[in-house]
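Report on the structure
The primary structure of each chain is shown beneath.
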Amino acid sequence: MSVNGVTNNAAAAYSPPANNHKNEKAVEKNDTVNNNGVIYEPSKSTAKTPRYTPDAETIARLKADTDTRKAQLMELVRKMISEQGGAQGKADSIWSLLRDGKLTPDAATRDQAIKDISEDGYWGVKQTSTRILDFAKALTGGDPKKIDEMQRAFEKGFKMAEKTWGGKLPEISQKTFDAVIEGFKKMREEAGIV
């Protein structure tokens, strides 16, 4: 069906009232005139549908910060391993060395690690769970419909980390997991999702 066919049919179906003074006066007096036209009246609702877009700036900032801190952590571990000579050659992986507590850090490395995983430390429960939740919000642009999807992705990543680690992650990781799940729950409540 062509546009012209629709236009031509519509034009044929409409016949304007005869242009005479009687009809003009009827319109002026708000009298009823036989007019089959349709008048569009816009909705009175002014609510706008929110648009959710990923927050690229926050994503980039979080990634850069995490990469820097991860490099610092890896340097601490590398230093510890190199100081202990052949310990790495006797282990299946760096993860098994860490998991089994076969590395003995020097005082400065130990103090830095304690500071980093403390309650207010960068790798502590509070900051780590906040970063994870901020990253989830940034990826979804804050779309509350994506909360469940983000939580499933987090849970999947946590299981992958356990597999890499070779078993259950340390207590601090379990506490971080719980804090993130609680954060997703709070996000649902704030969005009115039960």
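Rules of the game
Residues numbered from 1 in each chain as written. Predicted model: local features only at pLDDT ≥ 70, side-chain atom pairs only at ≥ 80, totals over all residues. Heavy atoms only, no water. Helix = DSSP H or I, 4+ residues; strand = E, 2+ residues; numbered from the N terminus. Contact = heavy atoms within 4.5 Å. Patch = residues over 30% accessible without salt bridge, like charges linked within 9 Å, V, L, I, M, F, W, Y side chains within 5 Å. Areas by Shrake-Rupley, 256 points an atom, 1.4 Å probe, with all protein chains shown as cover. Salt bridge = Lys/Arg side-chain N within 4 Å of Asp/Glu carboxyl O. Lys, Arg positive; Asp, Glu negative; His and termini not counted. Charge placed at Lys NZ, Arg CZ, Asp CG, Glu CD. Buried < 20%, exposed > 50% of the residue type's maximum accessible area, 1.4 Å probe, protein only. Polar contact = N/O pair within 3.5 Å; in protein donor to acceptor, adjacent residues only side chain to side chain. Core = buried A, V, L, I, M, F, W, Y, C linked by side-chain atoms within 4.5 Å. pLDDT = per-residue confidence, 0-100. Phe/Tyr/Trp six-rings, centres within 6.5 Å; stacked < 30°, edge-to-face > 60°. Lys NZ or Arg CZ within 6 Å of the ring centre and 35° of its normal.

Glancing now at the side chain of Thr176. Locating Thr176 in the fold gives a position in helix H8 (residues 171-191). Sequence-distant contacts of Thr176, defined by excluding residues within four places in its chain, comprise Val125, Thr128, Ser129 and Ile132.

Here we come to a negative patch on the surface. A cluster of like negative charges, contributed by Asp178, Glu182, Glu189 and Glu190, occupies part of the molecular surface. Tracing the backbone through its elements, the reader meets Asp178 in helix H8.

A word on the environment of Thr109. Counting through the fold element by element, Thr109 comes out in helix H5 (residues 107-117). Exposure remark for Thr109: the relative accessible area of 6% places this residue in the buried category. Each C-alpha atom, one on Thr109 and one on Lys79, is 8.7 Å from the other, the two residues being 30 residues apart in sequence. Among the polar contacts listed, one links the side chain of Thr109 to the side chain of Asp106, at a separation of 2.8 Å.

Bringing the nonpolar core into the picture now. In this structure, Leu133, Ala136, Ile147, Met150, Phe154, Phe158, Trp165, Leu169, Val180, Phe184 and Met187 together form the largest nonpolar core, which totals 11 residues. Going through the elements one at a time, helix H6 (125-140), helix H7 (147-165) and H8 are the ones with two or more residues in this core. In terms of residue count, the dominant contributor to this core is H7 (5 residues).

What follows concerns the confidence of the model for the chain. Across the chain, the average pLDDT comes to 77, with 68% of residues at or above 70. Taken element by element, the chain is modelled with least confidence in helix H1 (residues 3-13), mean pLDDT 45, and with most confidence in H8, mean pLDDT 96. Contacts from residues 1-17, a stretch scored under 50 in pLDDT, to residues over four places away or in other chains number 3 contacts. Confidence drops under a pLDDT of 50 for residues 22-33, and excluding neighbours within four residues, the segment shows 6 contacts in the predicted structure.

Take the packing of aromatic side chains next. Counting across every chain of the model gives 5 aromatic pairs. Both rings, one in Phe158 and one in Phe177, keep their centres 4.7 Å apart while their planes meet at 50°; by these two values the pair is tilted. On the criterion of sequence distance, the pair formed by Phe158 in helix H7 and Phe177 in helix H8 is long-range, its members being 19 residues apart. Of the aromatic side chains, those joined through ring pairs into one cluster are Phe154, Phe158, Phe177 and Phe184. When the ring centre of Tyr122 is taken as reference, the NZ or CZ atom of Arg131 above it lies at 3.7 Å. A cation sits over an aromatic face here: Arg131 above Trp123, 5.4 Å from the ring centre.

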